[in-house]
Amino acid sequence: MISIFKKIVKQKSQETAIKYGKQIISYEELDHLSDLIAQLILNSGLTPEDSPFIGLYSSRTLYTVPMMIGIWKAGFAYVPMDPKYSSERIDYILDDCNLKMILTDCNAPVTDYPQVQWLNINTSSLSDVTPYPIHADQGRYAYVIYTSGTTGKPKGIPITHVSLCNLIEARKKLIPQVENAIETCLASIVFDVSVWEIFCPLMIGTPVYFFSEQEKNNPQRIADLLEEQHITTFNVTPTHLSVIPYRQFPSLKYLIFAGEPCPESLVRKWQGTCTVIDAYGPTESTVIATACVLGSEGSVNDIGLPMQGVTCYVLDEHLQQVPQGEKGELYIGGVQLTDGYLNKEE
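Residues numbered from 1 in each chain as written. Predicted model: local features only at pLDDT ≥ 70, side-chain atom pairs only at ≥ 80, totals over all residues. Heavy atoms only, no water.

## Notes on the environment of Ser58
Relative to the elements of secondary structure, Ser58 occurs in the loop between β3 (53–57) and α3 (64–73). Using a relative accessible area of 5% as the deciding quantity, one classes Ser58 as buried. Separated by 237 residues in the primary sequence, Ser58 and Gly295 have C-alpha atoms spaced 39 Å apart. Other than its neighbours up to four places away in sequence, Ser58 contacts Thr64, Met67, Met81, Pro83, Asp105 and Ile189. Of the polar contacts made by the side chain of Ser58, one reaches the backbone nitrogen of Arg60; its length is 3.3 Å. Looking at Ser58, its side chain comes within polar contact range of the side chain of Thr64, at 2.7 Å. (Helix = DSSP H or I, 4+ residues; strand = E, 2+ residues; numbered from the N terminus. Buried < 20%, exposed > 50% of the residue type's maximum accessible area, 1.4 Å probe, protein only. Contact = heavy atoms within 4.5 Å. Polar contact = N/O pair within 3.5 Å; in protein donor to acceptor, adjacent residues only side chain to side chain.)

In structure tokens:
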């Protein structure tokens, strides 16, 4: 991922990478900020041999994406943590990942977890950092996403850089680049769709509008920003989409929904302004495993065909492929599939 990022920085150095409210970070600035963060990590003396993972306790700020990339540059994988998490969930993740360090850009419960080194990322903490050429090897994993734990204890799902690179390449085939493209990140970073929203556009030179916590919870503001920012691709869950005021958005070319079935009336309405894509995939298969560009007729909840590098089979209880049109269970494989759950044998 870092080599891809460096290539884009070289090509697009002065162009916009991240927009956050009225603030803008160019690719060159994003590269510099992430270098400073990586150096701060390296200065601490922590190595991937101590623990290959670093916690990311972020409240959606201008530093969120630079922290992700900075963690990669230092040779670690990031583990996103929501400030709304309960102490029990934080304790579980700390223990399961053997976290030794957490980066934060907000008011974190530092004193509650003295066993972990906390690095506050802000203008002040980065001002005294002198970046040196970084020679850390990229780790195997890019990130670890934890399941909700509603059916038991949460499971950590580690995803490799190789899997993430495949996702980026596959998405380029699904959604052709358009002129003056700009996409959005609406999802919380603790959900894997945020990876799709941030890095699929960013790593091909397309800027991302990063909704603030206040903006993402205001449907009217989201609609206004889609128009004001001339958004060309918008990712959203059907539940969230249903409360966003509909209007004609002249710049919008693609709307991608995932996570749950979408009512036909909602799909048909938005097809009046853009192409609608139904995307599907469990976290274990690196965000999106299949996708379908929906037509004006037919099912609106057609998960489509496997993405490049992904295999899908519908099998019966004997693990035999069922005839076309018959019911069975979906089995997913390929380069995007995780190695397995963290610290779990199954």
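## Quick look at the pairing of strand β4 (residues 77–81)
Regular strands place their side chains on alternate faces of the sheet. By the criterion of burial, β4 is predominantly enclosed, with five of the five residues buried. Burial along β4 is two-sided: the face carrying Ala77, Val79 and Met81 and the face carrying Tyr78 and Pro80 are both buried. Note: β3 against β4, five bridges, orientation parallel. Within β4, the position partnered with Phe53 by the bridge is Ala77. (Pairing = 2+ DSSP bridges.)

## Quick look at the state of the cysteines
Applying the stated criterion across every chain yields a total of zero disulfides. Of all cysteine sulfurs in the structure, the one in Cys200 sits closest to Cys165, which takes part in no disulfide; the separation is 10 Å. Given a relative accessible area of 21%, Cys165 falls into the partly exposed group. Free of any disulfide, Cys292 has its nearest neighbouring cysteine sulfur in Cys262, separated by 13 Å. With relative accessibility at 14%, the residue Cys292 sits in the buried group. (Disulfide = S-S within 2.5 Å.)

## Regarding the nonpolar core
Membership of the largest hydrophobic core comes to 72 residues, with the highest contact counts inside it found for Ile41, Leu103, Phe199 and Leu202. Excluding anything up to four places from it in sequence, Phe199 contacts Met1, Met68, Ile69, Trp72, Tyr78 and Ile168. Formed by 26 residues, the second largest nonpolar core is a distinct cluster that contains Leu186, Phe234, Cys274 and Leu294. (Core = buried A, V, L, I, M, F, W, Y, C linked by side-chain atoms within 4.5 Å.)

## Focus on empty space enclosed by the protein
Any empty space left between the atoms is revealed when a probe the size of a water molecule rolls over them. Considering all chains together, one arrives at one cavity of 30 Å³ or more under this definition. Space inside the largest cavity adds up to approximately 70 Å³. What lines the largest cavity is Arg171, Ile175, Pro176, Gln177, Val178, Ala181, Glu183, Ile204, Thr206, Thr233 and Tyr254. Within the lining of the largest cavity, the residues separate by chemical class into six nonpolar, three polar and two charged. (1 Å grid on protein atoms, 1.4 Å probe; cavity = no way out; pocket = protein on both sides within 12 Å on 5 of 7 lines; lining within 4 Å. Points joined across faces, edges and corners; volume = space filled by probe spheres on them. Nonpolar A, V, L, I, M, F, W, Y, C, P; charged D, E, K, R; others polar.)

## Re unusual backbone geometry
Notably, His230 is not glycine yet its phi reads approximately 55 degrees, a positive angle. Along the polypeptide, His230 turns up in the loop between α9 (219–228) and β11 (233–236). At Val287, a residue that is not glycine, the phi angle is positive and equals roughly 75 degrees. Checked against the element boundaries, Val287 lands in the loop between β13 (275–280) and β14 (290–293).

## Some thoughts on the side chain of Asp105
Tracing the sequence through the fold places Asp105 in the loop between β5 (101–104) and β6 (117–120). Notably, Asp105 is buried but unbridged: the nearest opposite-charge side chain belongs to Arg60, and the N-O separation is 9.4 Å. Only 2.7 Å separates the side chain of Asp105 from the side chain of Thr61, close enough to count as a polar contact. A polar contact of 3.5 Å, which involves the side chain of Asp105, links it to the side chain of Thr64. (Lys, Arg positive; Asp, Glu negative; His and termini not counted. Salt bridge = Lys/Arg side-chain N within 4 Å of Asp/Glu carboxyl O.)

## Focus: the packing of aromatic side chains
Scanning the model with the defined rule gives eleven aromatic pairs in all. Where Tyr92 meets Tyr146, the ring centres are 6.4 Å apart and the plane angle is 85 degrees; that geometry is what we call edge-to-face. With Tyr92 in helix α4 (residues 87–97) and Tyr146 in strand β7 (residues 141–146), this pair connects stretches of sequence that are 54 residues apart. Accessibility assignment for this pair places Tyr92 and Tyr146 in one class, buried. (Phe/Tyr/Trp six-rings, centres within 6.5 Å; stacked < 30°, edge-to-face > 60°.)

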